[in-house]
Every structure is written in C-alpha cells, then in structure tokens.
Amino acid sequence: MQSVSEAAVGAVIIANIIDFAASMVQIYSGVVKEKKKILFWQTLQLGMQTLSMMLLGAFTGAVSNVVSVVRNVLCYKDRMNWPVKFVLIGIQLVLTVIFGNGTFVSWLPFIVCTFYILFMDEKDEVRFKFLVTLTFIPWVFYFFVYKSYTGAFFAAATIVTNCISLYQMVKKRKEEKAEQGL
C-alpha cells in the first residue's frame, strides 16, 4: 500500500507533467500577436492546467481557470460587456471564498482574473499584450507555492517571450509612424 507522502509526490509529478504540456501551449501563446488567437491558445492552456491545479490542491487557481475559459469564449465571440464582466467577477469571488483557504496566495487568482476581466476588451493589440504579460507575473509565485514547478518556470518564460513580442510590436508601430511622418 502506498503511503500518503508517496501519493502526494506522485500527484505532484503527474501534475507537473500535465502542467508541462499546458506550458508548451502557454509559451506558444507568448509569440502570438493577434488577440483572438491569444485567447484561443490561452483557453486550451487553461483547460489543461485546471487538471494540474486540482491535483496540487490549488483550487482557487483551478476555479480561476474555469472562469477564465468561460471568459475567453465570451470574449472570442464578442459577448463581453460590463454586466457579463461583473457576473464573471462575482462568480469568481464566490468560488474563491468557497474553495480558498483565506491566504493571500489563494486570493491571487481572483485578483489577477478580476484585473484581466476589467481590461480585456482593450482593442489596442500592444496594450492587450501588455495586459497579458502583466497578469502572468503573480502566477509565477502562485505556481511555486503550490509546487507547480513547471508552471512557475514556464509562466516566467512566457513573460519573457511576451516582453520580446511587445518590444517587436512597439518597434514596428514606431517604424510605421515614422514612415507616415507622424
């Protein structure tokens, strides 16, 4: 019979393997520049990562991912408006209270998701990419606390790839403005 600690180690290993696969999708999303494509790849990654988080006991992160999948689908279909945003934030709040343990770390997914929901209808692709990049930062800490080491590493790597894409997008925009004489 397996001991509790052996089962826990096994769950951490399995969760990190799943999170590794999700992270490959996440990294790819970092080089994508079009909003709808970013949302598609994020949705796929979030679905995979939800399973990993459940195995690790990171329930508020899993809840956040489920809400984020719904959010991304609604945004992809251009159905995001202020009443929908408030409903999604309210659902996330209730689920965070139910599944959270009251620590600051357990509240990070709610904070990040709320911030993202409030500003995700940004039409400017550079500003949207900045939003995506900024909202990955707290996840590095969250993943590390819940032993999703692959998640923490690849969230950090995604921040780097997003920063490179942001730099390229800003540079291209400046070049286009210079060509137009602005």
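Look above for the structure.
Just so it is clear, the structure is predicted and the values come from calculations on it, not from any experiment. By convention here, each chain's residues receive numbers from 1 onward along its written sequence. A pLDDT threshold of at least 70 governs which residues receive local features in this predicted model, and a stricter bar of 80 or more applies before side-chain atom pairs are shown or counted, although totals over entire chains, interfaces and linings include all residues. Working from all heavy atoms in the structure, the side-chain values ignore hydrogens and water.

**Q** I'd like a rundown of the packing of helix α4 (residues 82-99) against helix α5 (residues 104-119), residues and numbers included.
**A** Inter-axis angles, ranging from 0 to 180 degrees, are taken between N-to-C directions of lines fitted to C-alpha atoms, where helices are fitted over the stretch in contact. We count a stretch as a helix when DSSP gives it H or I for four or more residues in a row; a strand needs E for two or more, and each element gets its number in order from the N terminus. The interhelical angle for the contact between α4 and α5, taken along N-to-C directions, is 180°, at an axis separation of 10 Å. For the element pair α4 / α5, the angle class is roughly antiparallel. Residues W82, K85, L88, I89, Q92, L93, T96 and V97 of α4 touch α5, and the partners they reach there are S106, W107, P109, F110, C113, T114, I117 and L118. Residues belonging to the contact of α4 with α5 are distributed by class as follows: 11 nonpolar, 4 polar and 1 charged. An angle below 35 degrees is treated as roughly parallel, one above 145 as roughly antiparallel, one from 65 to 115 as roughly perpendicular, and anything else as oblique. Any pair of residues with heavy atoms lying within 4.5 Å of one another is described as a contacting pair. Each residue is assigned to one of three groups, with Ala, Val, Leu, Ile, Met, Phe, Trp, Tyr, Cys and Pro labelled nonpolar, Asp, Glu, Lys and Arg labelled charged, and all others, Gly among them, labelled polar.

**Q** So what about α4? Which residues, and what values?
**A** To estimate the expected span of a helix, count its residues, drop one, and scale the result by 1.5 Å. A rise of 1.5 Å per residue sets the reference length of α4, with its 18 residues, at 26 Å; its end C-alpha atoms lie 25 Å apart and thus fit the reference within 8%. Along its buried surface, α4 packs onto α3 (59-76) and α5. The term polar contact refers here to a pair of N or O atoms within 3.5 Å; inside protein, the definition further demands a hydrogen-donor-capable atom paired with an acceptor-capable atom, and it admits residues adjacent in sequence only when both atoms are side-chain atoms. Its side-chain oxygen at 2.9 Å from the backbone nitrogen of V84, N81 defines the N-terminal cap of α4.

**Q** With reference to specific residues and values, describe the side chain of S64.
**A** Topologically, S64 is positioned in helix α3. Discounting chain neighbours no more than four positions away, the residues touching S64 are Q92, P109, C113 and W139.

**Q** I'd like a rundown of a nonpolar patch on the surface, residues and numbers included.
**A** Patch membership requires over 30% relative accessible area and the absence of a salt bridge. Like charges are linked within 9 Å, and nonpolar side chains (Val, Leu, Ile, Met, Phe, Trp, Tyr) within 5 Å. Working definition of accessibility: Shrake-Rupley area with a 1.4 Å probe, residue cover restricted to the visible protein chains. A side-chain nitrogen of Lys or Arg and a carboxyl oxygen of Asp or Glu constitute a salt bridge if their distance falls within 4 Å. A contiguous nonpolar patch, built from M54, F59, V94, I98 and F99 and spanning about 490 Å² of accessible area, is present on the exposed surface. Among the elements that take part in the nonpolar patch, α4 stands out by supplying 3 residues, more than any other. Positionally, F99 belongs in helix α4.

**Q** Can you tell me about the pattern of salt bridges, naming the residues and giving the values?
**A** Under the defined criterion, the tally for this structure stands at 3 salt bridges. When the shortest N-O distance is used, the salt bridge between K37 and E34 registers 3.7 Å. Judged by its relative accessible area of 43%, E34 is partly exposed. The closest approach of N and O atoms between K85 and D121, which form a salt bridge, is 2.8 Å. For the exposure calls, accessible area comes from a 1.4 Å probe over protein chains only, and a residue counts as buried if that area is under 20% of its type's maximum, exposed if over 50%, partly exposed in between.

**Q** Describe in detail the environment of L51, supporting the description with residues and values.
**A** Of note, L51 is situated in helix α2 (residues 35-56). Owing to a relative accessible area of 49%, L51 belongs among the partly exposed residues under this scheme. It is 13 Å that separates the C-alpha atoms of L51 and Y146, two residues lying 95 residues apart in sequence.

**Q** How would you sum up the environment of L166? Please name residues and give values.
**A** Checked against the element boundaries, L166 lands in helix α7 (residues 149-179). Here L166 falls in the buried class, since its relative accessible area comes to 11%. Once you skip the residues sitting within four places of it in the chain, L166 turns out to touch V126, K129, F130 and T133.

**Q** Just give me the short version of the packing of helix α6 (residues 125-145) against α7, but keep the residues and values in it.
**A** For the pair α6 and α7, the least separation of the axes is 8 Å and the interaxial angle reads 165°. In terms of orientation, α6 lies roughly antiparallel with respect to α7. You can see that α6 and α7 cross each other, and the crossing is left-handed. Of the residues contributing to the contact of α6 with α7, the split by class is 17 nonpolar, 5 polar and 3 charged. Left-handed describes a crossing whose near helix is turned anticlockwise from the far helix by less than a right angle; the clockwise case is right-handed.

**Q** Go over unusual backbone geometry with me, naming the residues and quoting the values.
**A** Even without a glycine there, the phi angle at D78 is positive, about 55°. Here D78 shows up in the loop between α3 and α4. In this structure D78 comes out as exposed when scored by relative accessible area, which is 61%. At K147, a residue that is not glycine, the phi angle is positive and equals roughly 65°. With respect to the helices, strands and loops of the structure, K147 is situated in the loop between α6 and α7.

Such coordinate-based values are descriptive only and should not be taken to indicate function.
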